[in-house]
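Residues per chain are reported as follows:
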Amino acid sequence: MLNMITEKDLKVLITERELQDKIAELGKKLNEYYKKEEVYVVCVLKGSVMFTVDLVKHLKMPVHLNFIRLSSYGSGFTSTGKVNAVDISLPDLNGKNVLIIEDIIDTGLTAKFLIDFMNLNFKTKTLNFCSLLDKKETRKTDIQPDYSCFDIGNQFVVGYGLDYDGFYRNLPYIGYVET
Ligand code: 5GP
């Protein structure tokens, strides 16, 4: 069990420096894409919180910051395969540039759920999906992020917002344990 081990048992997959450099690069790309148009950011809690707060600091346009909560993982290493909307209250996004920010795309079910939800409820001006990490090998949908920072293999990662059983979100790097 991961919660029986300490932080020193974690191996570093992506360092704090690597994360911050890639996020700054992504910020630049988004500034070029949106120009000065306002953007409604939708941060998917809780895993995307670190990524979102670091990314939005690089954005130069007016940013309207929103948070929603979904869950698909229980307290283990694998997705339940079912997405639950825990809190998805949002402002009127009709005609807006909407940027969804996720921590990681694994099966892609969460991303698909969100994109379907947006398309069903709003006619946005633009709808883009960005993810810090992309586990391409485990995808069960045809969803591809519009922007992603790092491709990773099929391993369970923690840190920088990502948890195991609620812990490790505070780490400034992405780590993993060999299971
Ligand atoms: P998906 O719906 O794409 O299968 O999974 C998305 C969600 O599963 C992510 O937002 C994240 O909360 C969780 N998840 C997927 N892979 C990992 C992982 O390796 N570590 C952690 N901590 N959470 C993960």
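> So what exactly am I meant to see when it comes to unusual backbone geometry here?
Generally, phi is negative for residues other than glycine and the peptide bonds are trans, each holding for most cases. A cis amide bond, omega 0 degrees, links L45 with the succeeding residue K46. Turning to its location among the elements, K46 is positioned in the loop between β2 (39–45) and α2 (49–56). The backbone of K35 shows a phi angle near 55 degrees, a positive value even though the residue is not glycine. Structurally, K35 is set in the loop between α1 (16–34) and β2. Judged by its relative accessible area of 58%, K35 is exposed.

> For this particular structure, what's the right way to read the site of the ligand?
Around the ligand, a shell composed of 18 residues is seen, among which D103, T107, T110, V157 and D163 lie nearest. One of the backbone N or O atoms of G108 is found 2.8 Å from an oxygen atom in the ligand. Interatomic distance of 2.7 Å between a backbone N/O atom of D163 and a nitrogen atom of the ligand. Look at the ligand: alone it shows 510 Å² of surface, and the protein chains cover 92% of it. The element that contributes the greatest number of residues to the shell around the ligand is strand β5 (residues 97–105), accounting for 4 residues.

> Is there a simple way to explain the environment of V49 in this structure?
With respect to the element layout, V49 can be found in helix α2. According to the relative accessible area criterion, V49 is partly exposed, its value standing at 28%. For the pair V49 and D103, spaced 54 residues apart in the sequence, the C-alpha separation amounts to 8.1 Å.

> I tried to follow the nonpolar core on my own but got confused; where do I start?
A general trend in soluble globular proteins is that nonpolar side chains are found buried together. Formed by 28 residues in total, the largest nonpolar core has its most connected members in F51, L132, L133 and I174. For this core, the secondary structure elements donating two or more residues are α1, β2, α2, β5, β6 (126–134), β7 (147–151) and β9 (174–176). With residues near it in sequence (within four places) discarded, F51 still touches I23, L26, I101, E102, C130, S131, L132, C149 and Y160.

> Would you explain the pairing of β6 in this entry?
For a regular strand, the rule is simple: side chains alternate between the two faces of the sheet. Counting buried positions along β6 gives 8 out of 9 residues, so the element sits mostly inside the fold. Handedness of the crossover is the feature at issue here: the chain leaves β5, passes through helix α3 (residues 109–121), returns alongside β6, and the resulting connection is right-handed. Both β6 and β7 contribute to a ladder of 4 bridges, which runs parallel. The residue bridging L133 from the neighbouring strand is F150, located in β7.

> Just to check I follow, could you spell out α3 for this structure?
An α-helical segment advances 3.6 residues per turn. Residues three or four places apart therefore align on the same side. With 13 residues, α3 ought to run about 18 Å at 1.5 Å a step, and its terminal C-alpha atoms sit 18 Å apart, in line with that. Along α3, the residues that are buried comprise T110, A111, L114 and M118. Angular distribution of buried residues about the axis of α3 spans 100 degrees; they occupy a single face of the element.

> In this structure, what is going on with the side chain of S48? I would like to understand it.
Residue position: S48 is located in the loop between β2 and α2. S48 has contacts with C43, I101, E102 and D103, leaving out every residue within four places of it along the chain.

> Please explain the sheet that holds strand β8 (residues 157–158) as it appears in this structure.
One key point about sheets: their strands pair by backbone hydrogen bonds, in either a parallel or an antiparallel sense. Within the open sheet, the 3 strands sit side by side as β1-β9-β8. Their pairing is antiparallel. Two strands in the sheet have a free side with no partner beyond their single neighbour: β1 (11–14) and β8. Two elements, β8 and β9, share 2 bridges in a ladder whose sense is antiparallel. Across the sheet, V157 pairs through a bridge with Y176, a residue of β9.

What counts, and where the lines are drawn
- Residues numbered from 1 in each chain as written.
- Predicted model: local features only at pLDDT ≥ 70, side-chain atom pairs only at ≥ 80, totals over all residues.
- Heavy atoms only, no water.
- Helix = DSSP H or I, 4+ residues; strand = E, 2+ residues; numbered from the N terminus.
- Buried < 20%, exposed > 50% of the residue type's maximum accessible area, 1.4 Å probe, protein only.
- Near = heavy atom within 4 Å.
- Polar contact = N/O pair within 3.5 Å; in protein donor to acceptor, adjacent residues only side chain to side chain.
- Areas by Shrake-Rupley, 256 points an atom, 1.4 Å probe, with all protein chains shown as cover.
- Core = buried A, V, L, I, M, F, W, Y, C linked by side-chain atoms within 4.5 Å.
- Contact = heavy atoms within 4.5 Å.
- Right-handed = clockwise from strand over helix to strand, strands pointing away.
- Pairing = 2+ DSSP bridges.
- Expected span 1.5 Å × (residues − 1).
- Arc of directions from axis to C-beta.

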